[in-house]
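For reference, the chains in residue letters:
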Amino acid sequence: MAVNKSENGIFPAVCPLDCPDTCGLLIHKQDGKIVKVEGNPEHPITQGAICNKVRHMAERVHHPERLKHPLRRVGPKGEGRFEVISWDEAISEIAGKYKQLAAEYGPESIMPYSFYGNMGVLSVEGMDRRFFHALGASRLERTICSAAGVAGWKYTMGFRGGTSPEDTVHADVILVWGGNIVSTNMHQVVLAEKARKRGAKVVVIDVHRNRTAQWADWFLPLYPGTDTALALGLMHILFRDGMTDDAFMERYTVGHRELREHAAAYPPELVSDITGIPAADIEKLARLYGEAAVSYIHIGNGLQHHDNGGMNVRTITCLPALTGQWLKQGGGAFRDNGGYASMNSRGLQRPELQPDARVRAINMNRIGEALEMTEQPLKSLFVYCSNPLVVAPDAERVRAGFAREDLFTVVHELFMTDTALYADIVLPATSSFENTDLYSSYWHHYIQLQEPVLEAPGECKSNREVFSLLGLAMGYDPEVFGQSELAMIREALDYPRNPYLNGVTLERLRAERHVKLDMTPKAAYLDYLPTASGRIELYSKSMELAGLPPLPTYTPLKEGYDGLRRPERGTGYPLMFISPPNHNFLNSTFGNVEKHRKMEKRPLLQIHPEDAAVRCIEDGDEVTVFNGRGDISLTAMVTDKMLPGTVISQGLWWEGDGRRQRVNILTPDRLSDMGQGATFFSATVEVRRQAGNRPLLSE
């Protein structure tokens, strides 16, 4: 689609970031450049409010270090020496190498590595998937973010959908459990404030007194990975004190009798010992939740990034059924509403193009391990919409894999990221404002269309363009690989199996910019749950068949501690290490934008005064944080924002400032209990003060 010819003006757009809000934007453009980004007041949910990250998006889009031409490596990997080449040379070299590798080692020696750095459907689930299917490449299991939580929710509810955001204004009690929504879902905060004005109480349960915890009416800190125990403790009290809706459970659930008996083993005193939350507070929370007319639970991302992450989410998801909240406007829970916007993924991705449907799958969390394989080794990676050297766990192992001279690596990016430094070919990518794409939200119920409002700088190309060129260069079907953006969008929306998409068309999107899903089917939500029983499964036979506990069950972390299992003095790595998002980055995005870096100042390690005193660490000291996977250097911030025994470092920083500061050097690549998700937050470390002067934190 042609770029809007007007040089100056205000144009509608969509925020492309991996964020539930998926804001409607207005782009102010002058002389071909963005001069202002503001929220679109006509968007029914985001209503003109946007975060600082997006407000300063022009700093990223017009960054002086944007890549503008294809590059070929001419120096050692990681050194950053490249020469400019043409697109014809780049495509010819990649296609030639892939043909050679496929003939010599098999097509499974090639693998994509991508995630949702751009949430546009065409950017991450379209032509790219077609290309790697047709090639017969190894399949990437994209489970780094929400896989454990999705699995836990689906075992209980069957469907990836919960409470509608607009309805939460009717809640009397809002539990924000394991999510820093002030930084990651700001419009849910706006809705919660409306509920507050009606008298609602907001309670935050988390391992860290973050911005959301500071905003809440009540903050309950707990030990990392003990969320299941707390939820079971609440169930114990709800059953014990007659605060359950037995009629609801009889009609809409299976296993409530078994759960009642099972929860009896989790009295508040035991749960207090496990979680670190006083028993009196557990009793108080249970009464607050159980006696509320309407209670809503917002389940965040953090608590699923543990060894027991799927069970954490699965257990919390059971709570609304105990008190019948699903029948009340604003009651229930949210973890992921993406199921409402399910599209025609088979039409977009064309899995039938695979020459062998039994192609091997490699989990993206284990990319470091995968790059060490000697049997059927990986010989090429194509990285896009991701920065694995910063975001993947066990990052030093990942870096060593990318440093292999025999690994042919292609990176399609906007910038010379830590990952791109190890590429053989670097391809310049467009920003979302230079593309046509389709956006849904995994929180609200609006589909949006992005049409290009900027000319792409230099020779930048979109993912669709790149994989179309590669597909044609490989000799694949031109009807499949020559399809336009608009044709692909029509195909994505043509999905009669999803009644929520009824009435959402390209024509309406072009005219209206945002179109609401048809939420009429939600009225019968509970009558058609796609679980094995067709009901909310408090007892899950599917989990039993999968070798998992069929009832919610607390299992301690494989790497970590709870209140009953504190480490003994002299333990090698006695501190739990948590690395949640900071306020001004989104994963590794914005890590190279000076304005955002200045707002965050520097990578910090928040350490409790008790833990700092034992190690002779003072506020502002430079410290080394280490375990068996590696070490990083951070600046100590002594604070009581978490329980003793837990240390916090917020944000995914790129390497810089002459020190190692990528937190994922310390995180494990183990997989979660279900969903094969990441276990970033089940890591233990030790901390020591670095020798030398003690700079002030304000310097």
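Structure first, text after, so check above.
Residues numbered from 1 in each chain as written. Predicted model: local features only at pLDDT ≥ 70, side-chain atom pairs only at ≥ 80, totals over all residues. Heavy atoms only, no water.

A. Here's a closer look at the nonpolar core. Formed by 167 residues in total, the largest nonpolar core has its most connected members in Tyr-98, Phe-131, Trp-177, Phe-382 and Val-625. For this core, the element with the highest residue contribution is helix 10 (residues 227-240), accounting for nine residues. Leaving out residues up to four positions away in the same chain, Phe-382 has contacts with Tyr-98, Met-111, Pro-112, Tyr-113, Phe-132, Val-410, His-412, Leu-427, Val-466, Phe-467 and Leu-470. By size, the runner-up hydrophobic cluster in this structure holds 23 residues, among which are Leu-17, Ile-50, Val-54 and Val-453. (Core = buried A, V, L, I, M, F, W, Y, C linked by side-chain atoms within 4.5 Å. Buried < 20%, exposed > 50% of the residue type's maximum accessible area, 1.4 Å probe, protein only. Helix = DSSP H or I, 4+ residues; strand = E, 2+ residues; numbered from the N terminus. Contact = heavy atoms within 4.5 Å.)

B. Fine view of the side chain of His-445. Counting through the fold element by element, His-445 comes out in the loop between strand 18 (437-439) and strand 19 (446-450). Within the structure, His-445 has its side chain in polar contact with the side chain of Ser-164 (distance 2.8 Å). Apart from the residues lying within four places of it in its own chain, the contact partners of His-445 are Ser-164, Pro-165, Glu-166, Asn-337, Tyr-340, Val-515, Lys-516, Leu-517 and Met-519. (Polar contact = N/O pair within 3.5 Å; in protein donor to acceptor, adjacent residues only side chain to side chain.)

C. Structural context of the side chain of Ser-432. Looking at where Ser-432 falls in the secondary structure, it is placed in the loop between strand 17 (425-428) and strand 18. Overall, Ser-432 belongs to the buried group, its relative accessible area being 6%. Sequence-distant contacts of Ser-432, that is, excluding residues within four places in its chain, are made with Pro-16, Asn-118, Tyr-439 and Gln-450.

D. Quick look at the environment of His-445. Accessibility expressed as a relative area gives 1% for His-445, which makes it buried. Separated by 156 residues in sequence, His-445 and Tyr-289 have C-alpha atoms that sit 27 Å apart.

E. Geometry of the packing of helix 10 against helix 13 (residues 268-275). Relative orientation of the contacting elements helix 10 and helix 13 amounts to 165 degrees, with a least axis distance of 9 Å. Between helix 10 and helix 13, the angle is such that the two are roughly antiparallel. Between helix 10 and helix 13 lies a crossing whose hand is left-handed. Where helix 10 approaches helix 13, its residues Ala-229, Leu-230, Gly-233, His-236, Ile-237 and Arg-240 are matched on the opposing element by Pro-268, Val-271, Ile-274 and Thr-275. (Axes fitted to C-alpha atoms, helices over the stretch in contact; angles between N-to-C directions. Parallel < 35°, antiparallel > 145°, perpendicular 65-115°, else oblique. Left-handed = near helix turned anticlockwise from the far one by under 90°.)

F. Focus on empty space enclosed by the protein. This structure, assessed with the given rule, holds one cavity of 30 Å³ or more. In this model, the largest cavity occupies a volume close to 60 Å³. Lining the largest cavity, in full, are Pro-12, Ala-13, Val-14, Gly-24, Leu-25, Asn-40, His-43, Gln-448, Leu-449, Arg-513 and His-514. Those elements giving two or more residues to the lining of the largest cavity turn out to be strand 1 (9-14), strand 2 (24-30) and strand 19. Broken down by element, the lining of the largest cavity gets its largest block of residues, three residues, from strand 1. Here the residues of the lining of the largest cavity sort into five nonpolar, five polar and one charged. (1 Å grid on protein atoms, 1.4 Å probe; cavity = no way out; pocket = protein on both sides within 12 Å on 5 of 7 lines; lining within 4 Å. Points joined across faces, edges and corners; volume = space filled by probe spheres on them. Nonpolar A, V, L, I, M, F, W, Y, C, P; charged D, E, K, R; others polar.)

G. Here's a closer look at the packing of aromatic side chains. For the coordinates displayed, the defined rule picks out 20 aromatic pairs. Arranged with centres 6.3 Å apart and planes meeting at 75 degrees, the rings of Phe-159 and Tyr-525 form a pair that is edge-to-face. Of this pair, Phe-159 sits in the loop between helix 6 (147-157) and strand 8 (173-177) while Tyr-525 is found in the loop between strand 20 (514-516) and strand 21 (536-537), placing the two residues 366 residues apart along the sequence. Taken individually, Phe-159 and Tyr-525 each receive the classification buried, so the pair is uniform in this respect. Taken together, a centroid distance of 6.3 Å and an interplanar angle of 85 degrees make the contact between Tyr-573 and Phe-626 edge-to-face. Taken as a pair, Tyr-573 in the loop between helix 24 (541-545) and strand 22 (575-578) and Phe-626 in strand 24 (residues 622-627) lie far apart in primary sequence, 53 residues in all. The exposure class assigned to Tyr-573 is partly exposed, which follows from its relative accessible area of 31%. It is Lys-461 that lies over the ring of Trp-87; its NZ or CZ is 5.4 Å from the centre. The ring of Tyr-223 has Arg-566 sitting right over it, with the charged end atom 4.6 Å from the ring centre. (Phe/Tyr/Trp six-rings, centres within 6.5 Å; stacked < 30°, edge-to-face > 60°. Lys NZ or Arg CZ within 6 Å of the ring centre and 35° of its normal.)

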